[in-house]
Amino acid sequence: MTLAEKAGQLSIYSDPMRIGTRRQINPDAGPKIDNGLAQRIREGRLIGLFNGVGAAEGRALQRLAIEESRLKIPLLFGADVLHGFATVFPIPLGETASFDPGLAERTARAAAIEASANGIHWTFAPMIDIGRDQRWGRVAEGAGEDPYLGSLFAAARVRGFQGQRLSDADSLLACPKHFVGYGGAIGGMDYNSVEMSEQTLHEVYLPPFKAAFDAGALSTMSAFNDLNGVPMMAHRPLLTGLLREQWKFRGIVVSDYTADRELVMHGVARDDRDATRLAILAGVDISMQSDLYNLHLPSLVERGEVPMAVVDEAVRRVLRVKKLLGLFDNPYRSLDPVVEQRDTHTPAARSLARESARASIVLLKNEGQLLPLRKSSQKIALIGPFGADADNLAGPWSPFSDMKDAVSLEQGLRAVLRDPASLKVVKGCDPEQIIRGGLDEAVAAAKAADIVLLALGESQDMSGEAASRADILLPAVQQALAEAIVDVGKPVIVLLRNGRALALEGAVRDASAIVVTWFLGTETGNAIADVLFGDHSPSGRLPVSFPQSSGQQPFFYGHRNTGRPQTNPKDPYWKTRYRYVTHEALFPFGHGLTYSQFRYGEPEVGSGKLAWDGAITIRTKLTNIGTREAEETVQLYIHDRVASLTRPVRELKGIQKLKLAAGASRVVSFKLTRADLCFYDAAMNFIAEPGEFEVWVAPSATAGTPKVFVLEGSPLRP
Ligand code: NOJ
């Protein structure tokens, strides 16, 4: 291969031809290759393209590479397939509320089938950044605040995307992103710098990546942010030291969009050429969109500033991944218009969209058992900007969604009501703007109804990339609408559409019932109707804590204890809290109601001793004491009572979902070993320290009373 051909295999570009009418998802940057695309392919000056879809068009481009380029290296087509393709599943944060990694594996599989049928080989997903600051818009794309839950979902999504064998025509190469720390952006502001301890990096932000690679992911994307002063695009200790040397990762590292060039803006590279040198030497194999590797790698090698061996190794990795994808055996894999037709919008995907949407819904509050609703003999007013709305169903990062047959909330409700005329729909206001006369019309509708559904929340451009918010309140106009409606005095059920945890206030917080519906995708309305009318008993749990106030951010359950925690709300002074707000969640991580009630028996911890190399079983009897069958999500948390470093007040270590009939009981058991108790000490040794541990089996991160067990062993043991 010539040096130019090698640089080509390390350069990817957004497809200039197949952008279509899609909303812009990246800045307009990089070279204009529209006219020169065919020539570029003939010259072998690209690994492939991304975010262009279509089997026939992809086939034509592939033919150029195979028949008209010197080396006949097949192109690789990538795309941001985050939560479905044409058929849209709930946003990843929402789907994580299912606390069911198996479900995420199935939706990822379905997305892979549909996306690969449309000419895609590689998805830039799953997004597995931990999100502990809800101002950060990209919380929507990930699995929330917890590293344990995040790791389960990261691995599941990788398995789903990659399928049985990477070479299968319906497998997508997974790209867990963004490596690493991106979610720790200071102030929750997208692209911002990240400052964190080595311990937090290794205990919280890295575990989902390790889980994803252990599950077989063969690519990753280096992040935009700098971490403790070193931009990730130039972070050799993590990209090469940790990833390749320690973890033995054998896949490819792609830069984020123009992120290599941004090393100049970060102020660590003098110019584009210097940025190229830093990125390739750090371990970034592929440059996305900036064109920098094509422009500068050949001369950097010729002048001895970058060893040829480094470039060769990166090219070898790319070719190996192309080989594993089966592209050398069949360059036209996943480029068959017949399969495209067959596997797009399948009934199976559609029914999975409904199942996953239902499972993602979280019932936060249900005073007086207001829910489920009856299907007849009451007048319902559906009020708010998201009642009839069809533009905000898919949620952020769904550029290939085809929502023409998607089900709005109104449509979903009408489909089940015995008398569709019993539903009156009034917008009241737009997501962020008043509608003249809207408030009066909404109040009149509330007065005429027996019950009000208030459909409030965020439009889909309020979360996602570059959509950080300085606060996480409902827009003022919606809050005003809620206050006016609640004043009418009818029972109110709030239905929230959201890409992050919100700080609920006033009439919304105090409503009798609150349901979190995230962005649920194609089957939004049907899934919400399933839950509201009791055809499906809700079982979702919060993967992010809902705070009492925006100003609490970053806020997460697994914080460390301070020297002055507030344990008694009646004694607020000189304690770790804000002036009018305690250091507590309004609705904690793990919280979510069903239409039944469960009693948790006292956990048993056997002899209360965990031998150094042994295991301990924690058992609890769970009883459905309500009147309906329901699915409970049982959570196991621990806390290290005395350690050489401060430890989180609780850490999730196990989840189990159990469906129990009314009146039924079952014993739930979890096993813990020393490995579950390890953390990074001051010298970055990953150790467990003998001593007492508290353990909870509970329905949320703040519920339950702990039992104690002892990890036996000498404190001096490594
Ligand atoms: C920028 C985003 O940060 C990344 O997640 C995405 O994969 C790329 N753009 C490509 O669209």
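This one's a predicted model, so the numbers in the text were calculated from it and none came from an experiment.

Caption draft 1: Up close: the overall build of the chain. Counting its secondary structure elements, the chain contains 20 helices and 28 strands. Taken over C-alpha atoms, the radius of gyration comes to 26 Å for the chain, in line with the 27 Å a tight globule of 718 residues would show. Dimensions of the chain, computed from the C-alpha atoms along their principal axes, are close to 75 × 70 × 45 Å. For the chain, the proportion of its 718 residues judged to be buried stands at 61%. Sequence separation of 24 or more characterises 79% of the internal contacts of the chain that already satisfy a separation of 6 or more. For the chain, the computed accessible surface area is about 26800 Å², with 51% contributed by carbon and sulfur atoms. Once the 80 positive and 83 negative side-chain charges of the chain are each reduced to a mean point, those two points are 3 Å apart.

Caption draft 2: Broad picture of the sheet that holds strand 22 (residues 630–640). Across the sheet, which stays open at both edges, the five strands sit in the order 20-28-27-22-23 with mixed pairing between neighbours. Either end of the sheet is taken by a strand with one partner, and the two such strands are strand 20 (609–610) and strand 23 (651–660). Where strand 27 (residues 691–698) meets strand 28 (residues 707–711), five bridges bridge the pair, whose relative direction is antiparallel. Residue pairing across strands places Glu692 opposite Val710, the latter belonging to strand 28.

Caption draft 3: Structural context of the domain arrangement of the chain. As assigned here, the chain comprises domain 1 (353–552) and domain 2 (598–711). Taken over C-alpha atoms, the centre of domain 1 sits 34 Å from the centre of domain 2. Between domain 1 and domain 2, the contact holds five residues from the first and nine residues from the second. For the pair domain 1 and domain 2, the summed buried area comes to about 530 Å², and 31% of that belongs to carbon and sulfur atoms. Area buried by domain 1 at its contact with domain 2 is led by Ser537, Ser539 and Arg541, which between them contribute 80% of it. Inspection of the region where domain 1 meets domain 2 yields one salt bridge. Notably, a salt bridge pairs Glu632 with Arg541, separated by 2.7 Å at the nearest N-O pair. If you look at where domain 1 meets domain 2, you find four residue pairs in polar contact (both at pLDDT 80 or more). Looking at side-chain class alone, the side of domain 1 that touches domain 2 contains one nonpolar, three polar and one charged residues.

Caption draft 4: Broad picture of helix 18 (residues 476–488). Counted at 1.5 Å a residue, the expected span for helix 18 with its 13 residues is 18 Å, and the 19 Å between its end C-alpha atoms agrees. Buried within helix 18 are the following residues: Val477, Gln478, Gln479, Leu481, Ala482, Ala484 and Ile485. Contacts from the buried residues of helix 18 go to strand 12 (380–383), helix 17 (438–448), strand 14 (451–457), strand 15 (492–497) and helix 19 (506–509).

Caption draft 5: A look at the site of the ligand. In the vicinity of the ligand lie 15 residues, with Asn26, Asp80, Arg138, His178 and Asp256 positioned nearest. Within the side chain of Asn51, a nitrogen or oxygen atom sits 3.5 Å from an oxygen atom of the ligand. Interatomic distance of 2.7 Å between a side-chain N/O atom of Arg138 and an oxygen atom of the ligand. Protein contact buries 100% of the 300 Å² of open area that the ligand shows by itself. Split into classes, the residues belonging to the shell around the ligand amount to seven nonpolar, three polar and five charged.

Caption draft 6: Molecular detail of the pattern of salt bridges. The final tally for this structure, using the stated rule, is 47 salt bridges. Two residues, Arg42 and Glu68, come together in a salt bridge whose shortest N-O distance is 2.6 Å. Taken together, the residues span a long stretch of sequence, with Arg42 in helix 2 (residues 37–42) and Glu68 in helix 3 (residues 55–68) at a distance of 26 residues. On the accessibility criterion, Arg42 (31% relative accessible area) is partly exposed.

Caption draft 7: Broad picture of helix 15 (residues 347–360). In this model, helix 15 (14 residues) spans 20 Å end to end at C-alpha, consistent with the 20 Å of a helix rising 1.5 Å per residue. Among the structural elements, helix 4 (92–96), helix 5 (101–117), strand 11 (362–366), strand 16 (513–516) and helix 20 (524–532) are those in contact with the buried residues of helix 15.

Caption draft 8: Looking closely at the side chain of Glu689. Summarising the element assignment, Glu689 is placed in the loop between strand 26 (686–687) and strand 27. As a buried residue without a salt bridge, Glu689 has its nearest oppositely charged side chain in Arg647, at a separation of 7.5 Å. Of note is the side chain of Glu689, whose polar atom sits 2.5 Å from the side chain of Ser644. Residue contacts for Glu689: discarding those within four places in its chain leaves Val642, Ala643, Ser644, Phe679 and Leu711.

Caption draft 9: Summary view of the sheet that holds strand 9 (residues 252–255). The three strands lie next to each other as 5-6-9, forming an open sheet whose pairing is parallel. At either end of the open sheet lies a strand with only one pairing partner, and these are strand 5 (177–179) and strand 9. For this sheet the average axis-to-axis angle between neighbouring strands, irrespective of direction, equals 45°. The pairing of strand 6 (residues 219–222) with strand 9 spans four bridges and is classified as parallel. Paired with Ser219 across the bridge in strand 9 is Ile252.

Reading guide: rules and limits
- Residues numbered from 1 in each chain as written.
- Predicted model: local features only at pLDDT ≥ 70, side-chain atom pairs only at ≥ 80, totals over all residues.
- Heavy atoms only, no water.
- Helix = DSSP H or I, 4+ residues; strand = E, 2+ residues; numbered from the N terminus.
- Rg over C-alpha atoms; globule rule 2.2 N^0.38 Å.
- Buried < 20%, exposed > 50% of the residue type's maximum accessible area, 1.4 Å probe, protein only.
- Contact = heavy atoms within 4.5 Å.
- Areas by Shrake-Rupley, 256 points an atom, 1.4 Å probe, with all protein chains shown as cover.
- Lys, Arg positive; Asp, Glu negative; His and termini not counted.
- Charge placed at Lys NZ, Arg CZ, Asp CG, Glu CD.
- Pairing = 2+ DSSP bridges.
- Domains from an automatic or database assignment.
- Buried area = accessible area lost by both parts, 1.4 Å probe.
- Salt bridge = Lys/Arg side-chain N within 4 Å of Asp/Glu carboxyl O.
- Polar contact = N/O pair within 3.5 Å; in protein donor to acceptor, adjacent residues only side chain to side chain.
- Nonpolar A, V, L, I, M, F, W, Y, C, P; charged D, E, K, R; others polar.
- Expected span 1.5 Å × (residues − 1).
- Near = heavy atom within 4 Å.
- Axes fitted to C-alpha atoms, helices over the stretch in contact; angles between N-to-C directions.

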